[in-house]
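Next come the chains, spelled out residue by residue.
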Amino acid sequence: MASLAGGLAAAGLASADPPAPAAGGAPAEACVTRAVEAIQERYEAVRDLSADFVQTTRSVALGAAGTVASSRGSVVFAKPGKMRWAYQEPEPSLVVSDGHWLWIYDPAHQEVQKLPVGEGFLSGAAIQFLLGEGEIRRDFEVTAETCSDAKVELVLVPRRDASYEKLRVRSDPKTGELLETTVIDLVGNVTQIAFSGMRTNLAPADEQFRFRAPPGVRVIELEPPKPGSP
């Protein structure tokens with residue numbers, strides 16, 4: 001359950017060791033502008049998307065490197081605000097949202113956590129971009145680690161208090177498609193998610209974004225995380 005909740009609260013992917021910064025000046029700023037516009041236009045244009053993912057979470061303990069956990073599965077997003085993360089490895093688990101409620105289902109422990117979908121949770125998951133609901137320049141200070149015709153890696157620092165410190169994204173320079181995203185939380189935990197096989201506008205059934213607890217499963221109702229909370 002920890003890999004599920006932690007991964008979604010800080011979904012993303014990047015190296016823990018940051019690459020060299022992009023060169024400054026007008027050309028670099030123009031490249032960043034093009035990259036941001038491409039990402040924005042890409043995800044404003046799609047109604048839904050599906051992809052496979054690999055997630056790696058690096059947690060820290062007492063200021064030192066802690067555990068590393070990895071998982072993989074598939075994900076479906078649909079506007080407005082719907083998502084379904086189906087984890088296959090290392091063990092089956094499920095995260096489902098209909099845009100109003102979110103369920104985190106752990107079959108091994110026969111329990112599901114239910115909480116109202118809040119802005120803080122979705123911000124940490126970087127889901128606004130995938131659902132076309134965020135405005136990058138409005139919501140973030142944007143700088144480039146790498147920005148060229150071959151590779152785009154941006155660092156996004158939230159302009160308002162959030163449940164994470166910063167977000168890194170790697171995108172396709174030509175299409176704006178997100179290839180990797182990273183969130184580093186307020187204590188230094190890094191969760192990595194790489195997307196592959198992305199498909200768009202498949203019109204998934206609404207039933208995929210609903211969850212009904214199986215008989216015998218305990219339902220735990222939680223409050224969403226508050227911005228700025230650890």
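Our structure's up above, just so we're on the same page.
Residues numbered from 1 in each chain as written. Predicted model: local features only at pLDDT ≥ 70, side-chain atom pairs only at ≥ 80, totals over all residues. Heavy atoms only, no water.

Novice: It is not clear to me how the side chain of Thr-56 should be interpreted in this structure. Could you clarify?
Specialist: Relative to the assigned elements, Thr-56 resides in strand β1 (residues 48–61). The residues contacting Thr-56, other than those within four sequence positions of it, are Val-68, Ala-69, Ser-70, Val-190, Thr-191 and Gln-192. (Helix = DSSP H or I, 4+ residues; strand = E, 2+ residues; numbered from the N terminus. Contact = heavy atoms within 4.5 Å.)

Novice: Would you explain the packing of aromatic side chains in this entry?
Specialist: Within this structure, the stated rule accounts for five aromatic pairs. Geometrically, the ring pair formed by Trp-103 and Phe-211 is tilted, given 6.4 Å between the ring centres and 35 degrees between the ring planes. With Trp-103 in strand β5 (residues 101–106) and Phe-211 in the loop between β11 (190–200) and β12 (218–221), the pair connects residues that are 108 residues apart, well separated along the chain. Judged by relative accessible area, which is 11%, Trp-103 ranks as buried. For Phe-211, a relative accessible area of 12% puts it in the buried group. Taken together, the ring pairs connect Phe-53, Phe-77, Trp-85 and Tyr-87 into an aromatic cluster. Across from the ring centre of Tyr-43, 5.8 Å away, lies the NZ or CZ of Arg-42, which sits over that ring. The ring of Trp-101 is capped by Lys-114, whose NZ or CZ atom sits 4.4 Å from the centre of that ring. (Phe/Tyr/Trp six-rings, centres within 6.5 Å; stacked < 30°, edge-to-face > 60°. Buried < 20%, exposed > 50% of the residue type's maximum accessible area, 1.4 Å probe, protein only. Lys NZ or Arg CZ within 6 Å of the ring centre and 35° of its normal.)

Novice: Help me out: how do you make sense of the state of the cysteines in this one?
Specialist: Two cysteines whose sulfur atoms are joined by a covalent bond form what is called a disulfide. Counting across every chain of the model gives one disulfide. One disulfide in the model links Cys-31 with Cys-147; its S-S distance is 2.0 Å. Given an S-S torsion of about -95 degrees, the disulfide between Cys-31 and Cys-147 has left-handed geometry. Taken together, the residues span a long stretch of sequence, with Cys-31 in helix α2 (residues 26–45) and Cys-147 in strand β7 (residues 140–147) at a distance of 116 residues. Judged on exposure class, the residue Cys-31 and its partner Cys-147 are both buried. (Disulfide = S-S within 2.5 Å.)

Novice: Looking at this structure, how should I read the nonpolar core?
Specialist: Grouped together as the largest cluster of nonpolar side chains are 36 residues, with contacts concentrated most on Trp-85, Val-142, Leu-154, Leu-156 and Phe-195. The dominant element in this core, judged by the number of residues it contributes, is α2, at six residues. If we ignore the near neighbours within four places in the chain, the residues touching Val-142 are Val-32, Val-36, Ile-136, Arg-137, Leu-154, Val-155 and Leu-156. Membership of the second largest hydrophobic core comes to eight residues, among which are Ala-86, Leu-94, Trp-103 and Phe-211. (Core = buried A, V, L, I, M, F, W, Y, C linked by side-chain atoms within 4.5 Å.)

Novice: Got a minute to help me understand the pattern of salt bridges in this structure?
Specialist: Side-chain pairs of opposite charge can arise whenever the charged atoms involved come near each other. Counted by the stated rule, this structure contains 13 salt bridges. Note that Asp-206 and Lys-82 form a salt bridge whose closest N and O atoms lie 2.9 Å from each other. With Asp-206 in the loop between β11 and β12 and Lys-82 in strand β3 (residues 82–89), this residue pair connects regions lying 124 residues apart in the sequence. Here Arg-138 ties to Glu-135 by a salt bridge, and the two come within 3.4 Å at their closest N and O atoms. Take Glu-135: its relative accessible area is 40%, and that puts it in the partly exposed class. One network of salt bridges, in which partners are shared, links Glu-135, Arg-138 and Asp-139. (Salt bridge = Lys/Arg side-chain N within 4 Å of Asp/Glu carboxyl O.)

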